Amino acid sequence: MADTPKTPLLDRVTTPADMKQLSDDQLIQLAHELRAETIAAVSETGGHLGAGLGVVELTVALHAVFDAPRDKIIWDVSHQAYPHKILTGRRDRIRTIRQEGGLSGFTKRSESPYDCFGAGHSSTSISAALGFAVARDLGGDGENGDAIAVIGDGAMSAGMAFEALNNAGHLGKRLIVVLNDNEMSIAPPTGAMSTYLSKLYAEAPFQDLKAAAKGAVSLLPGPFREGAKRARDVLKTMAVGNTLFEDFGFSYVGPIDGHDLPHLLPVLRTVKARADGPILLHVVTKKGKGYAPAEDAADRGHARAKFNVLTGEQSKAPSNAPSYTKVFAKELTRIAAEDSRICAVTAAMPDGTGLDLMAERYPSRVFDVGIAEQHGVTFAAGLAAGGMKPFCAMYSTFLQRGYDQVVHDVAIQRLPVRFAIDRAGLVGADGATHAGAFDIAFMANLPGMVVMAAADEAELKHMVATAAAHDDGPIAFRYPRGEGSGVEMPERGEVLEIGKGRMIREGARVAILSFGTRLSEVEAACDRLGAEGITPTVADARFAKPLDEELILGLARDHEALITIEEGSVGGFGSHVAQLLSDHGVFDDGLKFRSMVLPDTFIDHASPAAMYEAAGLDAAQIEAKVRQVLDKA
Ligand SMILES: Cc1ncc(C[n+]2csc(CCOP(=O)(O)OP(=O)(O)O)c2C)c(N)n1
Ligand SMILES: CC(=O)[C@@H](O)[C@H](O)COP(=O)(O)O
Ligand SMILES: [Mg+2]
């Protein structure tokens, strides 16, 4: 693996059509080359590794058997789609993946006709595939292709996947669902569904079937001769019967070894030849397959920084500042030691939210509900109603999925659920699907919801303590991905007064009211302006709801101009401040008001700094805004 991989077959494949010329033996060789190329590419860029390695053979088989882009192959989450990208005309750009201006780390319709449906969030593939199947049958775009959803066992834990199965079973359309079961989510999967899937292949005569299938294929002189008949026999033997999926109206085929192309190819060919309704093919794979440092890692190489291919060692930028996630998790664990009613909920992100730290100490008070944000929020509401103090720790972008539950189950009932909203703002390489752009707007609009944003990691510590102490209704605090700014850390978080901001520096003429971690950029801008004698006042709002009315109205009264800034979309903090000023008739007195928010576009992946520059929210653009309101632009 140290040398540049030799890829004679991969060099011949510029689109999946080129694979139709290859024999089954050559497809096996192609899979080897594709795996080597995937490892080599991700070692140079970083990104999602383990899931892609687990579906190398499946990717080859699907593209060899089906005819994309006429047939629609829909990758759930699509973090496993790197091999698909390599085979579908993007090999020359695969080393740009997740970099500014480069390929997306997920499927994206605007990137390629082979990415027929974009993703990033999980468990959407069956619904989308069913939509394609129905559109096909209604003559939508005149195409007649198959719709194939490839969904992982983790993604299958989500309610949305079952809503789709339920609907698909009822409609009875020809639809192919490939369940890629690697017994892993990002962390080991939890829940009854995971246990059920494991039982399916533990109980099936898996090895025997595998041998039978191999035998059937080896009898064939050529890959296609009598292939359909033989594979049909294989299929007949393999259908297990009485599975949950059959009760949903699907034909169930499997489980089969997803790394065994001589097994996979004839089964897929037969599925293609014979499916006449919804069919679920249960494929068993290994996340990280074929690369020891990934296979041996606890997360099976889910995501990696750039790494050394020989050793698997990752390169990481050195930093002394703690990550926001760790600060949250440590403070919560400290408080949990003092209060046995503190508990926490994660939706399949125990490491990402830091709750694995708390789970080490208090396993019975940390709940991983699977990829089930909707359930997670209502479960937290139930915990709160039952007298516990739940922290619902979710990434901003994934909390979107639980929004009705936030409104209906938490806010309307004024239940004291504490929302720890991680990955708030622009996250970088994961791009638009993962940007935490909307939570300020969608949380602060809810009556009775307290909404805070941490300006730095010390502030976050205070906000965790504040949330723990807040029993009078729901409360949310947001913080970004990555490391803090290295500020001095208090021993323990202080409980903040609800609805009170803080003054950072007193100046004249222009006041900048910051909500969240743009504060450091605001300070940098003011330092530069100070050299020219322009000295804005700076305040940290801390709360978007309730607003610190005294502070804000005072700033408005004492300055010619007021600028708000936040790492969120329009409709958030700035809008609430504008409403307050309007309610108090402040604009009538001639205040110049500017609200700096994310632009009304989805910003493509790049470094967070580059994304904020594109968004117009960096120090230089804050400086320009101050000059502009002072007519000194
Ligand atoms: C709605 C939503 N919640 C959480 C995530 C984060 N996430 C990305 S991949 C993943 C695990 C998916 O597991 P699985 O579907 O089994 O795929 P595998 O990585 O095992 O191939 C999770 C939890 C997400 N993408 N979307
Ligand atoms: C595919 C997916 O949704 C996750 O793997 C996500 O990329 C994790 O993001 P963090 O790296 O911010 O935890
Ligand atoms: Mg999985």
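Since this is a predicted model, take the numbers as computed values, not measurements. Each chain has its residues counted from 1, running along the sequence as written. All chains are assigned letters beginning at A, and all ligands numbers beginning at 1, according to the order in which they are written. Note on the predicted model: pLDDT of at least 70 is required for a residue's local features to be given, and 80 or more for side-chain atom pairs to be given and counted; whole-chain, interface and lining totals, by contrast, use all residues.

(A) Here's a closer look at the overall build of the protein. Helix and strand definitions here come from DSSP, where helices need a minimum of 4 consecutive H or I residues and strands a minimum of 2 consecutive E residues; each element is numbered from the N-terminal end. Along the backbone of the protein there are 24 helices and 19 strands. By the compact-globule yardstick of 26 Å for 633 residues, the protein fits well, its C-alpha radius of gyration being 27 Å. Judged by the C-alpha coordinates and their principal axes, the protein covers about 85 × 55 × 50 Å. Residues classed as buried in the protein amount to 54% of the 633 residues present. Contacts in the protein between residues at least 24 apart in sequence constitute 79% of all its contacts with a sequence separation of at least 6. The reference for a compact globule is 2.2 Å times residues^0.38; the radius of gyration itself is calculated from the C-alpha atoms. Field definition: a residue is buried when 20 or more other C-beta atoms are found within 10 Å of its C-beta, exposed when 12 or fewer are, and partly exposed for counts in between, with C-beta atoms placed from the backbone. The contact criterion used here is simple: two residues whose C-beta atoms, placed from the backbone, lie within 7 Å are in contact.

(B) Examining the site of ligand 1 more closely. Taken together, the neighbourhood of ligand 1 is formed by 23 residues, with A51, S122, G152, G154 and A155 sitting nearest. Partitioned by chemical class, the residues of the shell around ligand 1 number ten nonpolar, nine polar and four charged. There are two domains that each give the shell around ligand 1 at least three residues, and those are domain 1 (10-297) and domain 2 (324-478). Contact assignment follows one rule, namely that a residue is near a molecule or strand if its backbone-placed C-beta atom lies within 6 Å of it. Amino acid classes used here: Ala, Val, Leu, Ile, Met, Phe, Trp, Tyr, Cys and Pro are nonpolar; Asp, Glu, Lys and Arg are charged; the rest, including Gly, are polar. Where each domain starts and ends follows an automatic or database-derived domain assignment.

(C) Looking closely at the site of ligand 2. In the vicinity of ligand 2, the contacting residues are V77, H79, I186, A303, G352, R423, V427, D430 and R481. Here the residues of the shell around ligand 2 sort into four nonpolar, two polar and three charged.

(D) Main features of the UniProt feature "domain: Transketolase-like pyrimidine-binding" (unreviewed entry) in the protein. UniProt positions are given in the numbering used here, feature names are shortened, and annotations may be inferred rather than shown by experiment. Within this numbering scheme, the UniProt entry marks residues 322-487 as carrying the feature "domain: Transketolase-like pyrimidine-binding" (unreviewed entry). From the first C-alpha to the last, residues 322-487 spans 10 Å; its make-up is 40% helix and 17% strand.

(E) Expanded view of the sheet that holds strand β12 (residues 450-453). Strand pairing requires that DSSP identify at least two bridges connecting the strands. Pairing is mixed across the open sheet formed by seven strands, whose spatial order is β9-β8-β10-β11-β13-β12-β17. Sheet topology places β9 (366-368) and β17 (543-545) at the edges, where each strand pairs with a single neighbour. Sheet twist, expressed as the average angle between the axes of neighbouring strands with direction ignored, equals 20 degrees. Under this scheme, a helix contributes an axis fitted over its contacting stretch, all axes are lines through C-alpha atoms, and angles between N-to-C directions fall in the 0 to 180 degree range. Where helix α15 (residues 373-385) meets the sheet, it contacts β8 (342-346) and β10 (389-395), and its direction lies at approximately 165 degrees from that of β10.

(F) Up close: the UniProt feature "binding site: Mg(2+)" (unreviewed entry) in the protein. Mapped onto this structure's residue numbering, the UniProt feature "binding site: Mg(2+)" (unreviewed entry) falls at D153 and N182. Over a stretch of 30 residues, the named residues converge on one spot in the fold, their C-alpha atoms separated by at most 6.8 Å. The residue D153 is located in the loop between β3 (147-152) and α6 (159-171) in this model. The exposure class of D153 is buried, given the 23 C-beta atoms found within 10 Å. When near neighbours in sequence (up to four residues on either side) are disregarded, D153 contacts L179, D181, N182, E183, P189, S194 and L197. Structurally, N182 can be placed in the loop between β4 (175-181) and α7 (192-203). Owing to 24 C-beta atoms within 10 Å, N182 belongs among the buried residues under this scheme. Beyond its immediate sequence surroundings of up to four residues, N182 is in contact with G54, G152, D153, T285, K286 and K287.

(G) View of the confidence of the model for the protein. pLDDT measures how confident the predictor is about each residue, on a scale from 0 to 100. Mean pLDDT over the protein: 93, with 92% of residues reaching 70 or higher. Within the model, the stretch residues 205-228 combines pLDDT values under 50 with 34 contacts to residues more than four positions away or in other chains. In the predicted complex, the global pTM is 0.94; the interface-specific ipTM is 0.99.

(H) View of the environment of D25. Structurally, D25 can be placed in helix α1 (residues 24-45). With 132 residues separating them along the chain, D25 and S157 place their C-alpha atoms 35 Å apart.

(I) Up close: helix α17 (residues 403-411). If you check which residues of α17 are buried, you get Q405, V406, D409, V410 and A411. Each buried residue of α17 sits inside an arc of 155 degrees when the element is viewed along its axis, so together they form one side. On the buried face of α17, the contacting elements are α15. The arc refers to the directions leading from the helix axis to the C-beta atoms.

(J) Here's a closer look at the packing of helix α13 (residues 324-338) against helix α19 (residues 457-469). Where α13 contacts α19, the two axes come as close as 9 Å, and the packing angle between them is 35 degrees. Here α13 and α19 pass one another in a crossing that is right-handed. Of the residues in α19, those in contact with Y324, V327, F328, E331, L332 and I335 of α13 are E457, L460, K461, V464, A465 and A468. Tallied by class, the residues present in the contact of α13 with α19 amount to nine nonpolar, no polar and three charged. The hand of a helix crossing depends on one turn: near helix anticlockwise from the far one by less than a right angle means left-handed, and clockwise means right-handed.

(K) Broad picture of the sheet that holds strand β15 (residues 510-515). The strand order across the open sheet formed by five strands is β14-β16-β15-β18-β19, and the pairing between neighbours is mixed. Pairing within the sheet leaves two strands with one partner each, and these edge strands are β14 (502-505) and β19 (592-596). Within the sheet, the average angular offset between the axes of one strand and its neighbour, ignoring direction, is 20 degrees. Of the strand pairs in this sheet, β15 and strand β16 (residues 537-540) are connected by four bridges, and their pairing is parallel.

(L) Quick look at the pairing of β15. A large share of β15 lies buried, amounting to six of its six residues. Residues V510, I512 and S514 line one face of β15 and the alternating positions A511, L513 and F515 line the opposite face, and both faces are buried. We call a crossover right-handed when, viewed with both strands directed away from the observer, the connection leading from the first strand over the helix to the second proceeds clockwise. With helix α20 (residues 519-530) bridging β15 and the parallel β16, this β-α-β connection has right-handed handedness.

(M) Expanded view of the domain arrangement of the protein. In terms of domain boundaries, the protein breaks down into domain 1 (10-297), domain 2 (324-478) and domain 3 (502-629). One C-alpha centre belongs to domain 1, the other to domain 3; they are set 48 Å apart. Counting from both sides, the interface comprises four residues of domain 1 and, opposite them, four residues of domain 3. Its residues placed into classes, the side of domain 1 that touches domain 3 shows no nonpolar, two polar and two charged.

(N) Expanded view of the packing of helix α5 (residues 125-137) against α6. Between α5 and α6, the least distance of the axes is 8 Å, while the angle of their chain directions is 25 degrees. Comparing their axes, α6 and α5 come out roughly parallel. Here I126, S127, L130 and V134 of α5 come into contact with α6, specifically with M160, A161, A164, L165, N167, A168 and L171. Here the contact of α5 with α6 is built from residues that sort into nine nonpolar, two polar and no charged. Our angle categories are set so that under 35 degrees counts as roughly parallel, over 145 as roughly antiparallel, 65 to 115 as roughly perpendicular, and the remainder as oblique.

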